Amino acid sequence: MKSINGNQFADMVKMGAHHLFQNADYVDALNVFPVPDGDTGTNMNLSMTSGAKETAAHTSEHIGKTAQALSKGLLMGARGNSGVILSQLFRGFGKSIEQYATLDAKQFAQALQYGVETAYKAVMKPVEGTILTVAKDSAKKAVEVSETVTDIPELMAAVVEEAKQSLNRTPDLLPVLKEVGVVDSGGQGLVFVYEGFLASLKGEELPEKTVSNSMDDLVSAEHHKSVQGFMDTADIEFGFCTEFMVRFEEGKKSFDENDFRNDLSAYGDSLLVISDDEIAKIHIHSETPGEVLTYGQQYGDLIKIKIENMRQQHTEIVGEGHSAEAAVKKAEVHPYAVVTVAMGTGVAELLRSLGASAVIEGGQTMNPSTEDIVKAVESVGAERVLILPNNKNIVMAAEQAAEVLGIEAAVVPTKTIPQGMAAILAFNAQVSVEENKKNMTAAFSHVKTGQVTFAVRDTSIDGVEIKKDDFMSLAEGKIILSQPSRVEAATKLANELIDNDSEIVTVIYGEDVSEEEAGKFAAYIEEQFEDVEVELYNGKQPLYPYILSVE
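All figures in this text were calculated on a predicted structure; none of them were measured in a lab.

Looking now at the overall build of the chain. What the chain contains, in helices and strands, is 22 helices and 18 strands. The burial tally for the chain puts 57% of its 551 residues in the buried class. The contacts in the chain between residues at least 6 apart in sequence include a share of 72% that link residues at least 24 apart.

Of all eight residues in strand S5 (residues 279–286), eight are buried, a share of seventy percent or more. Of the two faces of S5, both are covered, the one formed by Ile 279, Lys 281, His 283 and His 285 as well as the one formed by Ala 280, Ile 282, Ile 284 and Ser 286. In this structure, strand S3 (residues 240–248) lies alongside S5, joined through eight bridges in antiparallel fashion. From the neighbouring strand, Met 245 faces S5, where its bridge partner is Lys 281. Bridging between strand S4 (residues 268–275) and S5 involves six bridges; their strand directions are antiparallel. Each bridged residue has a counterpart across the sheet, and for Asp 269 the counterpart in S5 is His 285.

The next point concerns the packing of aromatic side chains. Under the criterion given, the structure shown has 16 aromatic pairs. For the pair Phe 93 and Phe 108, a centre-to-centre distance of 5.7 Å together with 80° between the ring planes defines the contact as edge-to-face. Of this pair, Phe 93 sits in helix H5 (residues 80–96) while Phe 108 sits in helix H6 (residues 105–122), and the two are 15 residues apart along the sequence. By relative accessible area, Phe 108 is classed as buried at 1%. Taken together, the ring pairs in this structure connect Phe 9, Phe 90, Phe 93, Phe 108, Tyr 194 and Phe 197 into an aromatic cluster.

The rules we used
- Residues numbered from 1 in each chain as written.
- Predicted model: local features only at pLDDT ≥ 70, side-chain atom pairs only at ≥ 80, totals over all residues.
- Heavy atoms only, no water.
- Helix = DSSP H or I, 4+ residues; strand = E, 2+ residues; numbered from the N terminus.
- Buried < 20%, exposed > 50% of the residue type's maximum accessible area, 1.4 Å probe, protein only.
- Contact = heavy atoms within 4.5 Å.
- Pairing = 2+ DSSP bridges.
- Phe/Tyr/Trp six-rings, centres within 6.5 Å; stacked < 30°, edge-to-face > 60°.

Printed below as a string of structure tokens:
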């Protein structure tokens, strides 16, 4: 095969997206930190799926036009840093071939190389040992091989082989990967995409997944039934769609599917459980997803978690049908807006009370896409906007959203909820977007963030021995300790963050923490640090029992 056209490339994209989808759970499991929100596979899968859908809808025999469709779909669907980098790789790829009707081996190789250059430019501080390295090494190999090889499947086989070898080298470039004993998750995702490309070119089939595939079909059917039953958002009794997988573990509670199903049914509705000898996959609509996850941990290791707010989703869907109401809202143009991201209804209410115009449901477990952010900004109807991601894995998607919006927009690169709170308080509607960005960035730089969450597996990071189900204390994103007691993890975290210069400590407690426990924790801080003012809020956030802001 000396050349490929747009139809053939569309099939490559389809196979690449499908193979990544089949293995998204595995990619999620490679995340370095043992926190319950490792979602590289989920983000890349959703990003690539968006690209594949756009490609399928606008396939042309002209490969340049087909590649542009992929680029557009990936751009708008990009979630998380891994998804944004993937979108940039194919943005550059598509840009370099937009005038070509077909591609030969050398042109294909050069397009891969241009994609790498585009992705590196998009990342402010490129880190080697990541998806970028795997893309760079495999593109370099493609260029080398294209000097002597004209057969595109043979070229792609060389690309895949080099991508795999580069992936295996990532622990040598990124010490934390070697310490934990994994390869880079984003790089692995890219390998799956490239393997799909190769299978398409060879006309081969790739193996199907088993448990996850049947569950996805059932979940889709269950959601379809649920939507039919809700006439109003207020009718939704159990508001959080919760999906996770449990890898059974020796020494843990013995798994019996009937007992498991009966126990979980007390936490909500739309319950689905599928299991084999090694894994159970669960879907449930619950008002307390944190309690559901805690129950699941009795049986083994949580290897994938996804929580979505169905009330918000339903409101958005119903809103599409109320065109008159939407038109009225769209007519209201505000001069300035602050749009931010958060998980937990209490956290969202807190951010709104501080001045946020709109709060996108997302963050841990589910990063909003570029398109999600664009739609949120457009719903506000502002002439100028500042976007606060409040999560390091959403910053790049926010920056892409700012680029495609047709209004003056800037991203204030907040990476935590406390940083977002400080930034909003520094907002001034009387100054320019750039001046606001500068002032708000300066404001959150003085805030220290602490988080308490639980470990989903045994590991060791930065000298800290971590046991599965222990509570971990994170100070400024760094794991400083791990122990069985949630209260002890929180108090030791406070001791680490608060010093003589601290004035205000804000404690945001999650859905699994009682008001009594949170009150005792706040009282402890007041007793230990007499000069510090303590503010306590019920954030109702999942997965993170405590979030601390220290100023």
